[in-house]
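Okay, here's what each chain looks like letter by letter:
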Amino acid sequence: MDKKEILSLMLKSRYFEEKIDSLFKEGKLYGTTHLNIGQEASHTGLIAGLDEKDWIVPTHRCHGFNIARGTKIERMFSEMMGLRDGICRGLGGSMHMSDVSTCNAGSSAIVGSGVPIATGLAFALKQQKKDNIAVAIFGDGATSRGSVHEAMNIASVWNIPVLFYLENNHYGMSAKEENAISTDDIAARADGYKIRHIKIDGNDVLLVRDTVKKAREYIIKNQRPFFIEVDTYRLCGHSKSDKLVYRDRSEEEAWKKKDPIDHYSNYLIDGGIIDESEYVHMKEDAEKAIEDAYSIALSKSGDVMSLNELDSYLFAPSPVSYNESGEKHEASYRDAIYEALDEILSEDRYSFMLGEDIGKYGGCFSVTKDLYKKHPGKVFETPVSEEGFTALAVGSSMLGMHPIVEIMYADFSTLASDPLINHAAKTYFMSAGQLNCPMIYRTPIGSGTGHGSQHTANIEAMFLNTPGLIVVAPSDAYSAKALLKSASRENNPVLFFEHKGLYNEEGVVGDANTYLPLKKAIVKGSGKDLLLISYSHAMATSIKAARKYSDSVTFIDLATISPLDEETIVEHASFFSKILLVEDTPVNGSVADSVISIISRKCKGEKEIRLIAARSLPIPFAKELEAKVIPTVDQVEKKIEELLSL
C-alpha cells in the first residue's frame, strides 16, 4: 500500500461515514451506526502495516477497517440498507460486517468480546503453522472488561501471535477516560501480562503503519503477543443519536486541528509527493467513488432475502451421522465419553481439548484421564478463565479448528455465555454463511454430589431460547458416546451436557464407528398405554420407575433438547392419550414446557398430560433435602400408576 493509496483510503472512509451520517439524518437508513470520523489514520495505518492474510476482528466502529481492507463499498452500503447484496446479505448491518475474502472475521458489537475471539483466531493460525497474526481491535472502554484481561493472560501464557490494538479515543460512549479507567497509561497494563507494549500518536498514519509492521515482525519472530495503544479522537458522536452533551467544545476544536487527513495530506504536499491540484482531484475521486457505490446499492433497493432464505442461515450444513452396525461392549457413562474423546482426538487432525485441570489431574470428574499423554499437543490446560478460553475456542473454530471445551461445572456456563450466545450461536447467521463454529462445549449438570447450589444446577434450559446452538443431554452410556462422536462431525456449536449422577452408570457402548444423529429423539420400548418423555438423568430415573410397566410404556428420550425433534414427538404423542413428562429442572421455561406446547398445538384428540419436574428452588446442600428437590423413582412410579389407572 503506497502513500497515495493510504490517503485515498482515508478519504473514502471519511466520505463514506459522512454519507452514512447524512442518510440517517434524512431518515433513509434503518437501525443505528457508530462512526469513526477522525480516526482514519488509526484504521488505515493498521491495515497498511499488516499482511493481507492476517486476520482482523474490529469493533462496532468498523467501517474504516472494512474500506482499508478492500471490502467493496457498494456492498457495505447494501449491508447498511439490509439488502441481499450486502456483504452479510443484510443480516449484519452496520455493527456486524464480516468479509472473509479480506480476512475480516467480523466486528463484535459486544464491547470487548471480540478480543478473545481474535485471540482464538491467532491460536488457530499458530496450530496450523501459518506465518500470520490476528488483530484484536478494541477501544479504551473495553479495557475494563474481564474478557480483555483473560485474553491477554492466555495469549501470554500460551505464546499466541495476536496483536492487541487499542484505539484510545478517550471516551467509552459518554464516559470520559479519567472517570472510568484507573490509569493514565492503559498500554502499561500489558506489563502485568509480560506483553511488550507501545503508545503512539494514532493520528499519524505512517507512524501507525510502521509501528504495526515492527510489532508484526516481533510477533511472528517470537510467537508472542504485542500491545499497541493509539491515541486518537472521534470527531463525531458515539452513535447517530449522540448529541455530544458530555464533551467540551474547546476540546473538540483542539482535536480538529489534529485531523489525521489534514495532517497527512499536508505531509504529502510538503514532501512533493502530491500537489494541491492532485489533492483536490483525489478528494473528488474519493467522493465520487462513494456516491457511485451508493447509487449501485440504491438501484437494488427492495431486494431483501426471503424468510426461507433466512432460515437457511440458522445452521451450517453438516453430514448426518448414523451408524449402529459395529460391535458393542460394556462401559460406564464416564468411560463412554472418554472413549469418544480419545477417538475424536485420534481421528480428527483439527480437534483439540481445552479446559481447567484436564491434564495430569484427569478432569474434575475423571473423564479426560490420560488423554494429555495419549494426545500430546492436543490437550490444553487453561487458566481459570471460562469466558476467555470459551471465546478462544469460538475464534479458533472460525478458522477450521474443532475445539472441545470442558467446563468443570455447568453452573459456570453463566461465565461462558457471552461467547456461546453472542458469537458461536450467531456467527454463521450474521456472516450469512461466511463463517461457522464447529465446536463442542462439554459440561456436567445436576445434583446428587453435595456440592451446594452453585455447582449442581441443571442449567441447560438457559440455552433453549438461543437459535443456532445444538443442545444435547444424553441419558445413558450408549447415546453419550454415539452423540458425542456425531457432535465432532457437526459444523455448528454443540453444547453437550453430561449428568454427574450418570457418570458411574454402566451400559452397552458402541465401537468407534457408532454414531447417532443429532436433532433426533430416541424411541425406546413399544408399550401402547402410556408415552413417557424425558432426557438425561430424568430419563434414567423414569426407566427405573417404569420397570414393572415396561409392556405398557413407550419412551421418548429427547437426547437433543434444542432444536427439538418435533416430528417424533408429534408422531407418537398423536397416538397416545396418556402422556407423562419428567425433568430435573424447574418447569418454568423448561424443555417440558416446550414439549407440552408442541403437543397441544399439533396433536388432535383429548390428552391426559402429567408433568413431574424439579421444585423451583436452588439445589440445597443437606443430603436429605437435595434428594427431594428433583423427581425420584418413587414419584415417577406413582405417577405412572395413576395415569395407567385412568
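Above this text you will find the structure in question.
Residues numbered from 1 in each chain as written. Predicted model: local features only at pLDDT ≥ 70, side-chain atom pairs only at ≥ 80, totals over all residues. Heavy atoms only, no water.

1. Describing the overall build of the chain
- Along the backbone of the chain there are 23 helices and 21 strands.
- Taking 26 Å as the expected radius of gyration for a compact globule of 646 residues, we find that the chain reaches 28 Å, a close match to that expectation.
- The dimensions of the chain, computed from C-alpha atoms along their principal axes, are 95 × 55 × 45 Å.
- By residue count, 59% of the 646 residues in the chain fall in the buried class.
- Counted over contacts in the chain with a minimum sequence separation of 6, partners at least 24 positions apart contribute 79%.
- Accessible surface, the chain: about 25700 Å² in total, of which carbon and sulfur atoms supply 49%.
- For the chain, the separation between the mean place of its 72 positive charges and that of its 91 negative charges on side chains is 1 Å. (Helix = DSSP H or I, 4+ residues; strand = E, 2+ residues; numbered from the N terminus. Rg over C-alpha atoms; globule rule 2.2 N^0.38 Å. Buried < 20%, exposed > 50% of the residue type's maximum accessible area, 1.4 Å probe, protein only. Contact = heavy atoms within 4.5 Å. Areas by Shrake-Rupley, 256 points an atom, 1.4 Å probe, with all protein chains shown as cover. Lys, Arg positive; Asp, Glu negative; His and termini not counted. Charge placed at Lys NZ, Arg CZ, Asp CG, Glu CD.)

2. Observations regarding the packing of aromatic side chains
- Across all of its chains, the model carries 20 aromatic pairs by this definition.
- Ring plane angle 65° and centroid distance 5.6 Å describe the contact between Tyr409 and Phe412, whose orientation is recorded as edge-to-face. Here Tyr409 matches Phe412 in class, with each residue buried.
- Here Phe463 and Phe497 contribute two aromatic rings whose centre-to-centre distance is 6.2 Å and whose plane-to-plane angle is 35°, an arrangement assigned as tilted. With a gap of 34 residues between them, Phe463 in the loop between β12 (440-445) and β13 (470-472) and Phe497 in strand β14 (residues 494-499) connect regions that are remote in the sequence. Each member of the pair, Phe463 as well as Phe497, is classed as buried.
- Through a chain of ring-to-ring contacts, the aromatic side chains of Tyr333, Phe365, Tyr409, Phe412 and Tyr503 assemble into a single cluster. (Phe/Tyr/Trp six-rings, centres within 6.5 Å; stacked < 30°, edge-to-face > 60°.)

3. Topic: the sheet that holds strand β11 (residues 402-406)
- If you walk across this open sheet you meet the 7 strands as β10-β9-β11-β12-β14-β13-β19, and the pairing is mixed. In this open sheet, the two edge strands, each paired with only one partner strand, are β10 (379-381) and β19 (560-562). Neighbour to neighbour, the strand axes of the sheet diverge by 25° on average, direction disregarded.
- Bridge analysis of β12 against β14 gives 6 bridges, and the strand direction is parallel. (Pairing = 2+ DSSP bridges. Axes fitted to C-alpha atoms, helices over the stretch in contact; angles between N-to-C directions.)

4. Observations concerning helix α8 (residues 205-222)
- Taking 1.5 Å per residue, 18 residues should reach 26 Å; α8 reaches 26 Å between its end C-alpha atoms and fits that length.
- Taken residue by residue, α8 has Val205, Leu206, Val208, Arg209, Thr211, Val212, Ala215, Arg216, Tyr218 and Ile219 as its buried positions.
- Buried residues in α8 make contact with α1 (3-25), α2 (40-48), β3 (162-168), β6 (196-201), β7 (226-231) and α10 (260-270).
- Once α8 ends, the next one or two residues include Gln223, with phi positive near 50°. (Expected span 1.5 Å × (residues − 1).)

5. A look at the sheet that holds strand β1 (residues 55-57)
- With respect to topology, 5 strands assemble into an open sheet ordered β1-β2-β3-β7-β6, the strand pairing being parallel. Both edges of this open sheet fall to β1 and β6, since each of them pairs with a single strand only. The mean angle between the axes of side-by-side strands here comes to 20°, regardless of whether they run parallel or antiparallel.
- Here 6 bridges tie β6 to β7, and the two strands are oriented parallel to one another. Residue pairing across strands places Ile200 opposite Val230, the latter belonging to β7.
- Contacts from helix α6 (residues 146-157) reach β2 (134-139), β3 and β7, with the element oriented near 150° to β3.

6. So, the packing of helix α13 (residues 333-347) against helix α18 (residues 477-487)
- Where α13 meets α18, the axes come as close as 8 Å, and the angle between the chain directions of the two elements is 20°. It follows from the interaxial angle that α13 and α18 lie roughly parallel. Regarding α13 and α18, the two cross each other, and that crossing is right-handed. Contacts from Tyr333, Ala336, Ile337, Glu339, Ala340, Leu341, Glu343, Ile344 and Glu347 of α13 reach α18 at Ala477, Ala480, Lys481, Leu484 and Lys485.
- Split by residue class, the contact of α13 with α18 holds 9 nonpolar, no polar and 5 charged. (Parallel < 35°, antiparallel > 145°, perpendicular 65-115°, else oblique. Left-handed = near helix turned anticlockwise from the far one by under 90°. Nonpolar A, V, L, I, M, F, W, Y, C, P; charged D, E, K, R; others polar.)

7. Here's the deal with the environment of His197
- In this fold, His197 is placed in strand β6.
- You can call His197 partly exposed: its relative accessible area is 27%.
- In terms of polar contacts, His197 uses its side chain to reach the side chain of Asp191, at 3.0 Å. (Polar contact = N/O pair within 3.5 Å; in protein donor to acceptor, adjacent residues only side chain to side chain.)

8. Notes on helix α5 (residues 114-127)
- Its 14 residues place the ends of α5 20 Å apart at the C-alpha level, agreeing with the 20 Å of an ideal helix rising 1.5 Å per residue.
- With 12 of its 14 residues buried, α5 lies for the most part within the structure.
- Taken residue by residue, α5 has Gly114, Val115, Pro116, Ile117, Ala118, Thr119, Gly120, Leu121, Ala122, Phe123, Ala124 and Leu125 as its buried positions.
- One or two positions beyond α5, positive phi appears at Lys129, with a value near 55°.

9. Considerations on the nonpolar core
- Among the nonpolar cores identified, the biggest contains 119 residues, and Phe164 and Leu558 are the most heavily contacted of them.
- In terms of residue count, the dominant contributor to this core is α5 (8 residues).
- Apart from the residues within four sequence positions on either side, Phe164 is in contact with Val115, Thr119, Ala136, Phe138, Ala151, Met152, Ala155, Ile195, Pro225, Phe226, Phe227 and Ile228.
- Counting residues in each nonpolar core, the second largest holds 39 residues, with Ala48, Ile67, Cys236 and Ile274 among its members. (Core = buried A, V, L, I, M, F, W, Y, C linked by side-chain atoms within 4.5 Å.)

10. Remarks on the environment of Ala331
- Take Ala331: it is sitting in strand β8 (residues 328-332).
- Remark: the alpha-carbon pair of Ala331 and Leu11, spanning 320 residues in sequence, is separated by 66 Å.
- Setting aside chain neighbours within four positions, we find Ala331 in contact with Glu339, Ala477, Glu505, Glu506, Gly507 and Val509.

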